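Residue-level structural notes
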Amino acid sequence: MDYKLLKELISYTEEYQAKNASHKIEDFTIWLNAKLFDNKTASATKHDELLIAFKLLHVNKSLKKETKNVLSESKVSSIDEYSFLLHLDYQESFRKMELVELHNLEAPTGIEIIKRLLKNKLIEEFPDQEDRRAKRVKITKSGSLELQNVKPKIDSIFSTFTEPLSLNEKVQISGVLDKLIHLKAGDNE
């Protein structure tokens, strides 16, 4: 039996692991794709880059529009508020600025979202034990109930949105988006 392909794959795996900290197969797949199909085989033009950015913005707007319809019947008024509640439901509490930074928002915008959630009694704030200057927030029972009502509808929108994609396509797009997010954040894993 000829193991030439397997040996080549092992060689690529060793090269990848020497240069990258991530051990996710998705990240390896993206790296391998870039390695094999670099600028020698395809050169992106400014037009191509503009189209990618436009398509990402279009997808964002489409999802926001669909979620806005669901949220119009809720105490949660935006997808960012929903995401704040979702994160607070998974973790006991966050410092206010941790939550804002997690969502890649400017401080004033994030603080306004927190104020709306506080006003609607979906979250509550309390002093941080480690840093008396900081405040922490956590989800309230009312917030958990609101999240339970809204989450299935939002999940349905996201599932319907990605339904046409195969599992392989979902893994690929997730990996590519992770790469863009990490590169923008300055994390070149």
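Before going into details, it helps to say that this report is about the structure given with it. These numbers come from a predicted model, not from an experiment. (Residues numbered from 1 in each chain as written. Predicted model: local features only at pLDDT ≥ 70, side-chain atom pairs only at ≥ 80, totals over all residues. Heavy atoms only, no water.)

1. So, the side chain of Thr140
In plain terms, the rule: Secondary structure is summarised from DSSP: a helix means a run of H or I of at least four residues, a strand means a run of E of at least two, and numbering begins at the N terminus for each. Contacts are assigned to residue pairs that have any heavy atoms within 4.5 Å of one another.
Residue position: Thr140 is located in the loop between strand S3 (135-139) and helix H7 (141-162). The residues touching Thr140, leaving out its near neighbours within four places in the chain, are Lys121, Leu122, Ile123 and Glu124.

2. As for unusual backbone geometry
Phi is positive for Asn104, which is not a glycine, with a value near 55°. Structurally, Asn104 is set in the loop between helix H5 (96-102) and helix H6 (107-119).

3. Thoughts on the nonpolar core
Where a protein is soluble and globular, its nonpolar side chains tend to be buried together. Here is the rule we go by: Grouping buried Ala, Val, Leu, Ile, Met, Phe, Trp, Tyr and Cys residues that are joined through side-chain atoms within 4.5 Å yields what is termed a nonpolar core. Using a 1.4 Å probe on the protein chains alone, a residue whose accessible area is under 20% of its type maximum counts as buried, one over 50% counts as exposed, and one in between counts as partly exposed.
One finds Tyr82, Leu85, Leu88, Leu117 and Ile123 to be the most contacted residues of the largest nonpolar core, which totals 23 residues. At the level of elements, helix H3 (46-71), helix H4 (79-90), H5, H6, S3 and H7 are the ones that each hand at least two residues to this core. A total of five residues in this core trace back to one element, the largest contributor, which is H4. Apart from the residues lying within four places of it in its own chain, the contact partners of Leu88 are Ser93, Phe94, Leu99, Ile123, Val137, Lys138 and Ile139.

4. Structural notes on the pattern of salt bridges
Any two side chains of opposite charge can pair, on the condition that their charged atoms come close. Rules: For this document, the term salt bridge refers to a Lys or Arg side-chain nitrogen within 4 Å of an Asp or Glu carboxyl oxygen.
By the definition in use, this model includes ten salt bridges. The closest approach of N and O atoms between Asp131 and Arg133, which form a salt bridge, is 3.1 Å. Three or more residues joined by partner-sharing salt bridges are found here, namely Arg95, Asp128, Glu130 and Arg136.

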